[in-house]
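Fold and geometry: a report
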Amino acid sequence: MQERRWLLEGVERPDADALDVYRRNGGYGGAWRAFDEIDARAVIDEVEKAGLRGAGGGWRHVGTRWRQAAGQDVRALVVDVTESEAGRFRDRKLAERLPHRLIEGALIAAHALAADEVYLCIRADWRRARSVLGHALAEAEAAGWIGRPLGRSGHAVKFQVHPVPGPLPARGGDHLLPNLIECSRPEPRAADGVDALPTLFGASVFVHCAATLGYLPSILSRGADAFRALGGKDFPGTVAVSVSGHVRRPGLFEIEIGSGSFGDVIDDLAGGTVADGESLAIFCDGAPALRGEAIWSAPVDPAAWSHPGGGPQMGSFGSGTIVVADESVAPIELAANWLRDAAELGCGQCPGCREGSAWLAKQLQRLREGGVAGVDLPAFEARLQELATSEADGLSICGHPTVAALITQGLLQIAPEDLSQQAKPGVEPCTNDGPLRTADSIHLRF
Ligand code: SF4
């Protein structure tokens, strides 16, 4: 398996974050084309033709969403650089290594949406990313890319950086970030419908994660056809995967969608596993996803998964975040810890999230500790089903309970025998909690 870089193009260059290095290698060429050579409608056409989908995990068509929003007077673009999923460090590293790609992508999106302002919401505790991004914004402003009329369009876009607390509820970003910008309560707001745009100071805004925007400069400069030629028919292009856990070379790798399996990523790109063993487990976006032999055949392709592509592989592909756990860690331990964290992140507005996620987290902790009587597995599965459909049933505002549901469903799928074993009276607790390298302790080599 080989890397194919679109999002991370040029990330290996020395001083890749500097404006002159970025410009020397064609940087801001996509923005110039969007502002000077074609109009906003043609930018939307190009992105739609490329088939670009949102990289945050929802995989919705970007161009189609822009076209639907075209008549809605979108006042601003909000950029989400807050990723809170366990093991995900893609957007943060993008901001640290390629800040001008992020700024250029935001300029292109703002132009397509006729938005005059961009709010960059970045985690307050990511000091290096904030500092690099702040410096890059100053460089771009001094060079005339920000705040001044650009090209024949004459469209000027202003940028503001908003440090936000983190981590945040993983599904709440679209309707939570505008509240944080307004200094309102740190709670996701109810939307008028699934496709309704969030509002900021009374006007519609569009929210995109950093990686989605990072694809735009290359699509505009290299052309939609080149992007469309990669990957599959419904999910074209590449995916940048954050790989951590028990691998020899954790890191950020960009591959063509569907060009290999999770095992290929581990062996060919991440240097293989730290220790040999048959109980290897893969977590995608913090939820148990694969175990054992299945790891070597499951493709890194959203189309192959039941969510989002409706494929035969049960579970959620997520955003391309892989945490590898060897047999020094039982999946139930990791799942129980992350489920507890997810339950604590809920803001408390919706009873289903507040009570349901906490109940599931408590039951899973009891199972992990073992030797407990009274964990009723059928009741556990019934509650799980309620949480999984809570957003569709109108019982949760932002869909955060689906995180708890995905973690538990994944565990039931890849380790059902672990759960029933732990439910037996007299079983010892799972306490072999081996250390896992986290995003903070990974030094990336490109
Ligand atoms: S689902 Fe949870 S995190 Fe989302 S608004 Fe409701 S209580 Fe808050």
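Above this text is the structure in question.
Right, let's walk through the structure included here. Bear in mind the structure is a predicted one, so any value in this text is a computation, not a measurement.

Some points on the site of the ligand
- Lining the immediate surroundings of the ligand are 16 residues, of which Cys347, Cys350, Cys353, Ser396 and Cys398 lie closest.
- Looking at the shell around the ligand residue by residue, the classes come out as 8 nonpolar, 6 polar and 2 charged.
- A domain-level breakdown of the shell around the ligand finds at least three residues from each of domain 1 (19–228) and domain 3 (335–436).

Comments concerning the sheet that holds strand β12 (residues 321–325)
- Pairing is mixed across the open sheet formed by 5 strands, whose spatial order is β7-β6-β12-β8-β9. This sheet does not close on itself; its edge strands, each paired only once, are β7 (251–256) and β9 (287–291). When strand polarity is set aside, the average angle formed by the axes of neighbouring strands in this sheet is 30°.
- Here 4 bridges tie strand β6 (residues 238–245) to β12, and the two strands are oriented parallel to one another. By the bridge assignment for β12, serine 244 is matched with valine 323.
- Contacts between helix α17 (residues 401–414) and the sheet are confined to β8 (281–284) and β9, with β9 contributing the most and set at about 20° to the helix.

As for the pairing of β7
- For β7, the tally of buried residues reaches 5 of 6 residues, placing the bulk of the element in the interior.
- Summarising the sheet, β6 and β7 pair through 6 bridges and their orientation is antiparallel. Paired with alanine 240 across the bridge in β7 is glutamate 254.
- The turn joining β6 and β7, which pair antiparallel and follow one another in sequence, is formed by 5 residues.

A word on the packing of helix α15 (residues 351–369) against α17
- One way to put it is that α15 packs onto α17 with a least axis distance of 9 Å and a crossing angle of 25°. By the angle between their directions, the pair α15 and α17 is classed as roughly parallel. Handedness of the α15/α17 crossing: left-handed. Only Pro401, Ala404 and Thr408 of α17 make contact with α15, whose side of the interface consists of Gly352, Cys353, Gly356, Ser357, Leu360, Ala361 and Leu364.

Thresholds applied
Residues numbered from 1 in each chain as written. Predicted model: local features only at pLDDT ≥ 70, side-chain atom pairs only at ≥ 80, totals over all residues. Near = placed C-beta within 6 Å. Nonpolar A, V, L, I, M, F, W, Y, C, P; charged D, E, K, R; others polar. Domains from an automatic or database assignment. Pairing = 2+ DSSP bridges. Helix = DSSP H or I, 4+ residues; strand = E, 2+ residues; numbered from the N terminus. Axes fitted to C-alpha atoms, helices over the stretch in contact; angles between N-to-C directions. Contact = placed C-beta atoms within 7 Å. Buried ≥ 20, exposed ≤ 12 C-beta atoms within 10 Å, placed from the backbone. Parallel < 35°, antiparallel > 145°, perpendicular 65-115°, else oblique. Left-handed = near helix turned anticlockwise from the far one by under 90°.

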